[in-house]
Amino acid sequence: MESSLHRLADTLEPFHSEESGLPFSRCHDCGHALADDENGHYIQKVVSGGETIMEMAICGGCHDRLQQSYSKDSRGRIWNFYLDHADLPGRLKRFHALPPVPDLWLNNCLTCKALRGNLREYVIAAHCVGEYLILGEAPMMICSDCMEKIMDEMSAESLDIHDRWMDRVLPPSTALAEGEPRRRVFL
């Protein structure tokens, strides 16, 4: 993939915290300032019925540690899922000629191409550096059906690691404790 196709957008607005209306400032995992991470940070939100029901930002170091905690087989299967279902190089070339507007990158599911406006639940994700959004493999939107398929690629051990990490970083709500199914999002 040609790195020259990656660009920066000077707006993080679709990825601001719903709670504060401002850009995320701290890693949800380690608590460090996101602006201090030269490798950038990652933001993920789950939207259901037009409402953000989960959001988080983690620094590049915490993201990398989480990824490395999954089994090599799980990481390979997830990467192969993206290779089989998402045309990342084609996407970069297609969007490179367009204005750097993040919403353009979020209109269709990365892997099945479903329209965001037709979906009840989906995940949006971004990779940022400081106050800039990197336009590359992300930002992306993945529908809940494809997110389930991605999570199905993970081994039981990797899912357990993921679930324990999520419980620590974003403890389950009381609704989850009362029997709602766990929402799993791959970060």
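Residues numbered from 1 in each chain as written. Predicted model: local features only at pLDDT ≥ 70, side-chain atom pairs only at ≥ 80, totals over all residues. Heavy atoms only, no water.

1. With respect to helix α6 (residues 156-169)
Then comes step 1: The end-to-end C-alpha separation of α6 is 20 Å, in line with the 20 Å expected for 14 residues at 1.5 Å each.
Then comes step 2: Along α6, the positions that sit buried rather than exposed are Ser158, Leu159, Ile161, His162, Asp163, Trp165, Met166 and Val169.
Then comes step 3: Elements that come into contact with the buried residues of α6 comprise β3 (51-59), α1 (60-69), α2 (72-85) and α5 (144-152). (Helix = DSSP H or I, 4+ residues; strand = E, 2+ residues; numbered from the N terminus. Expected span 1.5 Å × (residues − 1). Buried < 20%, exposed > 50% of the residue type's maximum accessible area, 1.4 Å probe, protein only. Contact = heavy atoms within 4.5 Å.)

2. Side note on unusual backbone geometry
Then comes step 1: Of note, the bond from Ala138 into Pro139 is cis; its omega dihedral lies within 30 degrees of zero at 5°.
Then comes step 2: By the secondary structure assignment, Pro139 is in the loop between β5 (132-135) and β6 (140-143).
Then comes step 3: Phi is positive for Lys113, which is not a glycine, with a value near 75°.
Then comes step 4: Looking at where Lys113 falls in the secondary structure, it is placed in the loop between α4 (102-105) and β4 (121-129).

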